[in-house]
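Residue-level structural notes
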Amino acid sequence: MRIDDAMIGYVADLSRLRLEEGERERAKRDLEEILSHMEGLQGAKVDGVEPMTHPQPITNALRPDVVEQSFPRELLLENAPETAEGCFVTPKTVE
Amino acid sequence: MTAVELGRRIRNREISALRVTEEAIRLGKDGDAYNAYLSIDEEGAMEQAERVEEELHVGKILSPLAGVPIALKDNILIRGKKTTCASKMMEHFVSPYSATVVEKLIQAGVVIIGKTNLDEFAMGNTSEYSYFGPVKNPFDLQRVPGGSSGGSAAAVAGRLVPLALGTDTGGSIRQPAGFCGVTGLKPTYGAVSRYGAVAHASSLDQIGPFARTAADCREILSLIQGKDPRDGTSMGVSLKETARGFSGKRIGIPHAYFDQGIDTEVREAIFRAANVMKEAGAVLVDLTMETVDYAIPAYYIVSSAEASSNLARFDGIKYGYRAEEFTDLEDLYVKSRSEGFGTEVKRRIMLGNFVLSSGYYDAYYKRAMQVRTLIKQEFDAALLQCDAILSPVSPVTTPRIGDREDPQKIRMMDLYTVSVNMAGLPALALPCGQDGKGMPIGMQLIGKAFSDGELLSLGESYQELTGYHGMQPPGTEGNL
């Protein structure tokens, strides 16, 4: 399948990535190339076959309903680029 | 020396755990010609070795591997230590907690020496896509060690350390084990807790060991396996040893795997291994396994879809790289991700988002999940006819660093490994020969889900009959 500027722009947007000029051409070629090799799947006989999301038949893995100690807030904030008063800091999102 | 033997000598007070640890640290610092390590934890390792010595002094034995050094792939968390995933995104990340496998290793007295290099976020199969430079194959420094757990494989092959852990999403333990001439196990999905391993593709990822022998892999797996309330998919695995030898064992040979695109030397090495088993009493069973034709496309679609979702968490807010300049929240996300991720990671995120996007979901992602069902059914049926399936690890032997003009050729190096993850099965990679250039050739034995113990018994039996696991890269004599 052919990947045009609009399509690579759409996929980059979904991915929250910005491609520079040179990168965009490369990304178009790469995505086209890999998708051409994914075409092989179209020959598989999958009518009526259930899709499989997970290899083991595990459903609803529950643990006992016991209160446990959670991580200290300070510890989890240590890797954040910017914090204030025990919170993550982001740019302003409301006018 | 094997890890089991080293552990025995430490227990018998023939060698001190401190001496062994010092030597492993020295080798990691001065002897790492392979760029295998990303960090060495000298302080933590020496503390642990001292603890082991003290316990031994009062007659307490923590485990058969107490005092034995190990290296961990740098996508496994150790509390208070850096975990980089070989990415600019995680360059300064300090782990707030330890992975379950790390807690188990520490409890057992195993000494963690440091963290090993990998393809960024474990995406790749040559260990060239590391932000910190490529890993080199100890058998030939011009060649790749395989990937993505290339640093762990190179560290064990180069005798820097007798044991290492890696993660395997589509062959990332087995393929570098094969290329580096060491033994590597991808356990059954659910055998080992994934808590504290940075997620690549959650329905495929599994932590597993690298060692010199299958017997060493058994010891380390017995320490790290088990059900863990912090990983709802973990179930643990029984490691009962089965009778040694191949007498009466049924070994399946999927002939479609040997039809095309495979090096003659690889094919011959696998047939030689099959013959060793046959002469030892095994029955070789011809298998028809045709889903191999769909393995690579189905794997790339499923793994990239899951990766695109897992890596959405990197937003420049909670942890990881944040761009210096941005105009608003959206711009902060986009710039941080665009500057923080490398080329291959971006490629996979975009492929994943494409196959999950409206209009393409059914044709790609849903179809790949249906093919996954077909792959699992085919393996389940094949494993009713035999005790294990024998296949090459990779159709080729190790390429040169930088030799990746044809991306499809590079993807095809994983042709025989990816289906095992899709089906959630265990598979053991073992050295079984060398090519004309002296580079190792690996074979893999694939078993039924939760038959890891039986698989290891077969591996141990093979290694009792052959000496390929003893091959050692030049210049590593006298190392650990």
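Preceding this paragraph is the structure being described.
Notes on the structure follow. (Residues numbered from 1 in each chain as written. Chains lettered and ligands numbered in written order. Predicted model: local features only at pLDDT ≥ 70, side-chain atom pairs only at ≥ 80, totals over all residues. Heavy atoms only, no water.)

Attention now moves to the side chain of glutamine 408 of chain B. By secondary structure assignment, the location of glutamine 408 of chain B is in helix H13 (residues 407-412). Note on glutamine 408 of chain B: relative accessible area 15%, which makes it buried. Among the polar contacts listed, one links the side chain of glutamine 408 of chain B to the side chain of histidine 37 of chain A, at a separation of 3.4 Å. (Helix = DSSP H or I, 4+ residues; strand = E, 2+ residues; numbered from the N terminus. Buried < 20%, exposed > 50% of the residue type's maximum accessible area, 1.4 Å probe, protein only. Polar contact = N/O pair within 3.5 Å; in protein donor to acceptor, adjacent residues only side chain to side chain.)

Once that is clear, we can look at helix H3 (residues 42-57) of chain B. All names here are of chain B. Relative to the 22 Å expected for 16 residues at 1.5 Å per residue, H3 spans 22 Å between its end C-alpha atoms, a close match to the ideal helical length. Of the residues making up H3, those classed as buried are Ala45, Met46, Gln48, Ala49, Val52, Glu53, Glu55 and Leu56. The elements touched by buried residues of H3 are helix H1 (3-11), helix H2 (17-30), helix H4 (100-107) and strand E3 (111-116). Positive backbone phi, approximately 80°, marks glycine 59, located one or two places after H3. (Expected span 1.5 Å × (residues − 1). Contact = heavy atoms within 4.5 Å.)

A word on the side chain of lysine 249 of chain B. The topology assignment puts lysine 249 of chain B in the loop between helix H7 (214-224) and strand E7 (250-254). Non-local contacts of lysine 249 of chain B, meaning those with residues more than four positions away in its chain, are made with Ala243, Gly281, Ala282, Val283, Asp387 and Leu458 of chain B.

So, on to the nonpolar core. Counting 164 residues, the largest nonpolar core has Phe121 and Leu165 of chain B as the members making the most contacts within it. Ranked by residues supplied to this core, first place goes to helix H9 (residues 292-310) of chain B with eleven residues. (Core = buried A, V, L, I, M, F, W, Y, C linked by side-chain atoms within 4.5 Å.)

Working note: regular strand, side chains alternate between the two faces of the sheet. Residue and element names in this part refer to chain B. A large share of strand E4 (residues 163-167) lies buried, amounting to five of its five residues. Burial along E4 is two-sided: Leu163, Leu165 and Thr167 facing one way and Ala164 and Gly166 facing the other are all buried. The pairing of strand E2 (residues 69-73) with E4 spans three bridges and is parallel. In the strand pairing of E4, isoleucine 70 is matched with leucine 163. Note: E4 against strand E6 (residues 207-211), four bridges, orientation antiparallel. Bridge assignment links leucine 165 to a residue of E6, and that residue is proline 209. (Pairing = 2+ DSSP bridges.)

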